[in-house]
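Structural description and commentary
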Protein chains: 2
Amino acid sequence: MDCYDAAEALSRPEIAQLQIGRLRRSLAQAAQSPFYARRFAEVGFDPESVHSLDDVGRIPFTTKQDLRDSYPDAMLALPHSEMVRMHASSGTTGTPTVIYHTQKDLDWWASLMARCMYMVGLRRTDVFQNMSGYGLFTGGLGIHYGAEKLGCLTIPAGAGNSHRQIKLLTDFKVTGIHIIPSYALYLHSIFAEIGVDPRDLPLRVALVGAEPYTEEARGRLQELYGIKAYNSYGLSEMNGPGVAFECQEQNGMHVWEDAYLAEIVDPATGEPVAEGELGELVMTTLGREGMPVIRYRTRDMTRFLPGQCPCGRAHRRIDRLHGRCDDMLIIKGVNIFPMQIERVLMAMPEVGQDYQIVLERDGYIDNIRVRVEIRDEFFVEDMRQLGALQKRIAARLRDEILVTPKVELVERNSLPKTEGKASRVVDKRESGA
Amino acid sequence: MDCYDAAEALSRPEIAQLQIGRLRRSLAQAAQSPFYARRFAEVGFDPESVHSLDDVGRIPFTTKQDLRDSYPDAMLALPHSEMVRMHASSGTTGTPTVIYHTQKDLDWWASLMARCMYMVGLRRTDVFQNMSGYGLFTGGLGIHYGAEKLGCLTIPAGAGNSHRQIKLLTDFKVTGIHIIPSYALYLHSIFAEIGVDPRDLPLRVALVGAEPYTEEARGRLQELYGIKAYNSYGLSEMNGPGVAFECQEQNGMHVWEDAYLAEIVDPATGEPVAEGELGELVMTTLGREGMPVIRYRTRDMTRFLPGQCPCGRAHRRIDRLHGRCDDMLIIKGVNIFPMQIERVLMAMPEVGQDYQIVLERDGYIDNIRVRVEIRDEFFVEDMRQLGALQKRIAARLRDEILVTPKVELVERNSLPKTEGKASRVVDKRESGA
Ligand SMILES: [Zn+2]
Ligand SMILES: [Zn+2]
């Protein structure tokens, strides 16, 4: 295994040993902050009482609301003057969540990010174009510092300005990019407009993340650009990008367990799920000195992938995100995520841009109806053909979500325009789920 | 003198000694690049032949066109793989100018920037909000790295989103900002809207630059915010911000002469101007290893301020920029910059937003006519009052530009809307200047 740093090659027992030591240090450090000092006291938790990873369940959780309540700086575990960077969630309404970093924290974050990039084959000889917006959003500076640390020639292109992006990609023989999947698909249409085939460029690797997208979208992206696209998982509460990352196997994202303690719990009870089962990801920083965050409820649903990764890294892999706990729909006792439905629809060539998920109550029974936009060329007069398509979509959805939905085919532009997955769900049941 | 680093406190002889050594090294380094190797050979210049600063005049200039011609990387003096950052001028049309940096170059740039910030009283305990756009524009990452290097808590706010800027300024007790002057004035109107007086905030220091603005605008900004505003000079060809900076005397910008060799030449002949005279600033990087740039014609007009700065720093000061060589107008044999006219007009409360400079030829004599928008409340019926105002404006302009212009007073919104200083000039002379 060709590694960026030694921690990457640790065995499971070595990881476990490292984790308990670092967890104890992180708890002690967290207890220095006004927020955790009070929280630990309130629930009668003694950070010194944690001696093995089996004790983790006794440590109180931290929620998004806790972060808001500790605004602007009640979670700082070191003096304010030690902090050199701040990132905050966007939005002018409501209380933002704020994460502080010391210089040492930033260095470590950059190293973790550099490790991810090295893992997917990027080297200091590569030219890397970061197409993320910079600023308070962690995708910009987070990836940027990692790329510079690795020693790539880093082009801070920022977001937007597609013609300039293409000029940079072309003129500077860019080999690696960080890009949002939907933007990558859009950018391809600009490439087509100007008559350049991105497969003719030396571009080799894309880091993708920041928005949910399907395996099918990845496949399309890889084919259109002639590259490998690697999934990234990160959240600003755990720094940002660099938390978990795919290796070249492209089969699950290795969580850097020397830097983070990852658990998967039942979102309702907070109890650990059985090995390999779906649940909410809970994360603890194991190395952040300025602002440790303990057992953070990410609201992201995923599971640990079983078995050993062929790449040889023992850091456990998490599955693609199944969605946010908060987006989860319960239909006939089954948990369904809108993203599962999107994934099925996106993989079918007959399906257009839009769809809508309608939840209905028929007497005492909840039903799910999926309204699907069909591409013009498939919206034929022949009712039999349409009926067959309708059945095929319903069958594929049932395979994925384990409930048979009603499927309704609609013409292009006949669904209301929405933004984001969640707003595509219309709940017409009296009391909601 | 309280210094960030020792180079700041060098005496004149020490600076001169350092400069000649570093200049020789920079020339030798530059000669490693394809561009300079050819250029030096073409003009028969031997970099080894430079033994004292008196030899500088024999070194060939570098122009913006040379940078374009060497696109994308003919000025690299080290292997491409040593580069870790690239900045480029914006614009999708025409060839951009591109500057590359090694890790060592970035570290030095950050140190120079940290030195500027320390000089105006910022310390590691300060909270610094960078309101510059990030990305390829050097004002974002350039200032950001300096602020982090100094150890300030750095808030990468980026450009725009005024309500969030104000929330960050307020909630995080920001003491230092980097802001564009016109945006600072606009932001004040948002402060007024939400009923917050920025003078009540702990804000103390603003770094301003990136666009030409007048001494009067600085005064207004300082008063409105209750802060000190310090002028910054930088250009991407010389890294970006951190080239020259005002000390707390606010009287000229110290050029960091350990890092840059600065000359002022006649833009027409390229010969040095007499000490203290106005001319084009020419700059040479003395420490950049990845891409040295030698005797760069900045097109910026300024002069060295005479005498010793009371702050004790021996690094020479340049005056506020008088404009770009290319904007210079020649009327009756006198050099006039549109910015001089703007400066006079902006200082008069009767003058509104717009003005226009019209160049005319009357027989064999060039004339300058300035059309000035007057604020509604001053645009009175009384012709005598208007006549007096007209004369006052003409007299003040003559004091500044040494030529008596014709002044025409016009009502609000009666001038064509334009962008930028240069487009406010209308040349009606047959053959131009
Ligand atoms: Zn693997
Ligand atoms: Zn001074």
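Residues numbered from 1 in each chain as written. Chains lettered and ligands numbered in written order. Predicted model: local features only at pLDDT ≥ 70, side-chain atom pairs only at ≥ 80, totals over all residues. Heavy atoms only, no water.

By the naming in an unreviewed UniProt entry, chain A goes by Phenylacetate-coenzyme A ligase and is assigned to Solidesulfovibrio carbinolicus. Its UniProt record gives chain A the following Pathway (unreviewed entry) comment, quoted word for word: "Aromatic compound metabolism; phenylacetate degradation." Under the Subunit (unreviewed entry) heading, UniProt states for chain A: "Monomer." (UniProt positions renumbered as here; feature names shortened; annotations may be inferred.)

1. A word on the coordination of the zinc ion (ligand 2)
Residue and element names in this part refer to chain B. Protein-derived coordination of the zinc ion (ligand 2) comes from C247 (SG), H254 (NE2), C309 (SG) and C311 (SG), at a distance range of 2.1 to 2.2 Å. Taken together, the four donor atoms coordinating the zinc ion (ligand 2) and their angles of 102 to 118 degrees define a geometry best described as tetrahedral. Donor residues for the zinc ion (ligand 2), ordered by position in the chain, follow C-x6-H-x54-C-x1-C. You can see C247 sitting in the loop between β8 (244-246) and β9 (253-255) and its partner C309 sitting in the loop between β12 (296-302) and β13 (317-318), a full 62 residues away along the chain. Taking the relative accessible area as the measure of exposure, C247 reaches 0% and is therefore buried. For C309, a relative accessible area of 4% puts it in the buried group. (Donors = N, O, S within 2.8 Å, 3.2 Å for Na, K, Ca; no water. Tetrahedral: all angles 85-135°; square planar, octahedral: opposite > 155°, others 65-115°. Helix = DSSP H or I, 4+ residues; strand = E, 2+ residues; numbered from the N terminus. Buried < 20%, exposed > 50% of the residue type's maximum accessible area, 1.4 Å probe, protein only.)

2. Regarding the coordination of the zinc ion (ligand 1)
Residue and element names in this part refer to chain A. Only C247 (SG), H254 (NE2), C309 (SG) and C311 (SG) from the protein reach the zinc ion (ligand 1) as donors, at distances of 2.1 to 2.3 Å. Every donor counted, the four donor atoms about the zinc ion (ligand 1) form angles of 104 to 117 degrees at the centre, which fits tetrahedral coordination. Here the donor residues of the zinc ion (ligand 1) are spaced in sequence according to C-x6-H-x54-C-x1-C. Separated by 57 residues along the polypeptide, H254 in strand β9 (residues 253-255) and C311 in the loop between β12 (296-302) and β13 (317-318) bring together distant segments of the chain. Relative accessible area serves as the criterion here: at 18%, C311 is assigned to the buried category.

3. Some points on the sheet that holds β12(B)
Residues and elements named next belong to chain B. Reading across the sheet, the four strands line up as β10-β11-β12-β14 and stay open at both edges, with antiparallel pairing between neighbours. Among the strands making up the open sheet, the edge pair consists of β10 (260-265) and β14 (323-324). Where β10 and strand β11 (residues 279-285) come together, six bridges link them in antiparallel fashion. Paired with A262 across the two strands is M283, which belongs to β11. (Pairing = 2+ DSSP bridges.)

4. Some points on the side chain of A:D66
Residue and element names in this part refer to chain A. Summarising the element assignment, D66 is placed in helix α3 (residues 64-69). What makes D66 buried here is its relative accessible area of 8%. Only 2.8 Å separates the side chain of D66 from the backbone nitrogen of T63, close enough to count as a polar contact. (Polar contact = N/O pair within 3.5 Å; in protein donor to acceptor, adjacent residues only side chain to side chain.)

5. As for the relation of the copies chain B and chain A
Superposing chain B onto chain A requires a rotation of 180 degrees together with a translation of 0.2 Å along the rotation axis, leaving an RMSD of 0.3 Å. Within this description, the copies of the chain are treated as partners about a two-fold rotation axis. Considering only C-alpha atoms, the part of chain B nearest the rotation axis is B:Y134, at 2.8 Å. Both copies contact each other with a shared surface, as 100% of the interface residues of chain B are interface residues in chain A too. (Least-squares fit on C-alpha atoms with pLDDT ≥ 70 in both. Contact = heavy atoms within 4.5 Å.)

6. Topic: the pairing of strand β2 (residues 98-102) of chain A
Within a regular strand, the side chains alternate between the two sheet faces. Residue and element names in this part refer to chain A. Burial analysis of β2 places five of its five residues in the buried class, which makes it a mostly covered element. Neither face of β2 is open: one carries V98, Y100 and T102, the other I99 and H101, and all of them are buried. Pairing geometry for strand β1 (residues 83-88) and β2, over five bridges, is antiparallel. Bridging across to β2, M86 finds its partner in Y100.

7. Let's talk about the sheet that holds strand β10 (residues 260-265) of chain A
Pairing between the strands of a sheet is mediated by backbone hydrogen bonds and can be parallel or antiparallel. One open sheet accounts for four strands, arranged β10-β11-β12-β14 (chain A); its pairing is antiparallel. What marks the edges here is a single partner per strand, and that holds for β10 and β14 (323-324) of chain A.

8. Observations regarding the pattern of salt bridges
Residues and elements named next belong to chain A. Following the criterion strictly, the structure yields 74 salt bridges over all chains and no others. A salt bridge links D258 to R115; the nearest nitrogen and oxygen atoms lie 2.7 Å apart. Of this pair, D258 sits in the loop between β9 and β10 while R115 sits in helix α4 (residues 103-119), and the two are 143 residues apart along the sequence. When salt bridges with common partners are traced through the structure, they connect E215, R218, E246 and R320 into a single cluster. (Salt bridge = Lys/Arg side-chain N within 4 Å of Asp/Glu carboxyl O.)

9. Focus on the interface of chain B and chain A
On the chain A side, the residues contacting the 42 residues of chain B number 42 residues. Looking at the side of chain B facing chain A, the largest losses of area belong to B:E148, B:L153 and B:F172, adding up to 17% of the total buried there. A salt bridge links A:E82 to B:R124; the shortest N-O distance between them is 3.5 Å. Linking chain B with chain A are 20 residue pairs in polar contact (both at pLDDT 80 or more), by the criterion used here. Of all the elements in the fold, those that place two or more residues in the side of chain B that touches chain A are β1 (83-88), β2 (98-102), α4 (103-119), α5 (138-150), β4 (153-155) and α6 (162-171) of chain B. Of the residues that constitute the side of chain B that touches chain A, the class distribution is 21 nonpolar, 14 polar and seven charged. (Buried area = accessible area lost by both parts, 1.4 Å probe. Nonpolar A, V, L, I, M, F, W, Y, C, P; charged D, E, K, R; others polar.)

10. Focus: the packing of aromatic side chains
How two aromatic rings sit relative to each other is set out by the distance from centre to centre and by the angle between their planes. Applying the stated criterion across every chain yields a total of 17 aromatic pairs over all chains. Considering the side-chain rings of A:Y4 and A:Y118, the 5.9 Å spacing of their centres and the 50 degrees angle between planes classify their relative orientation as tilted. Linking A:Y4 in the segment before α1 (12-30) with A:Y118 in helix α4, this pair joins segments that are 114 residues apart in sequence. On the accessibility criterion, A:Y4 (27% relative accessible area) is partly exposed. Residue placement shows A:R123 over the ring face of A:Y118; its charged tip is 3.5 Å from the ring centre. Above the face of the B:Y145 ring, B:R85 is positioned so that its terminal group lies 4.7 Å from the ring centre. (Phe/Tyr/Trp six-rings, centres within 6.5 Å; stacked < 30°, edge-to-face > 60°. Lys NZ or Arg CZ within 6 Å of the ring centre and 35° of its normal.)

11. Considerations on the pairing of strand β3 (residues 127-130) of chain A
All names here are of chain A. In β3, alternate side chains face the same way, and those of V127 and Q129 on one face and F128 and N130 on the other are all buried. With three bridges joining them, β3 and strand β4 (residues 153-155) adopt parallel strand pairing. Looking at the pairing, F128 lines up with T154 of β4. As a crossover connection, the stretch from β3 through helix α5 (residues 138-150) into β4 is right-handed. (Right-handed = clockwise from strand over helix to strand, strands pointing away.)

12. Some words on unusual backbone geometry
The linkage connecting A:Y71 with the following residue, A:P72, adopts the cis geometry, with an omega of -5 degrees. On the secondary structure map, A:P72 appears in the loop between α3 and β1. The phi torsion at A:K173 lies on the positive side, around 50 degrees, for a residue other than glycine. Looking at the secondary structure, you find A:K173 in the loop between α6 (162-171) and β5 (176-179). The class for A:K173 is exposed, based on a relative accessible area of 54%. Phi angles above zero are rare outside glycine, and B:N161 is one such case at about 60 degrees. Along the chain, B:N161 turns up in the loop between β4 and α6. Overall, the relative accessible area of 39% leaves B:N161 in the partly exposed class.

13. Quick look at the side chain of B:S132
Residue and element names in this part refer to chain B. Among the secondary structure elements, S132 is positioned in the loop between β3 (127-130) and α5. A relative accessible area of 3% means that S132 is categorised as buried. Here S132 is in contact with F137, G139, G140, G158, A159 and H178, once residues within four sequence places are set aside.

14. Examining the packing of helix α9 (residues 338-346) of chain B against helix α10 (residues 383-401) of chain B
A pair of packed helices is characterised by two quantities: the angle between their axes and the separation of those axes. All names here are of chain B. At a minimum axis separation of 10 Å, α9 and α10 run at an interaxial angle of 140 degrees. Relative to α10, the element α9 lies oblique. Here α9 and α10 pass one another in a crossing that is right-handed. Note on element contacts: α10 touches α9 through I393, R396, L397, E400 and I401, opposite Q340, I341, R343, V344 and L345. For the contact of α9 with α10, a count of residues per class yields six nonpolar, one polar and three charged. (Axes fitted to C-alpha atoms, helices over the stretch in contact; angles between N-to-C directions. Parallel < 35°, antiparallel > 145°, perpendicular 65-115°, else oblique. Left-handed = near helix turned anticlockwise from the far one by under 90°.)

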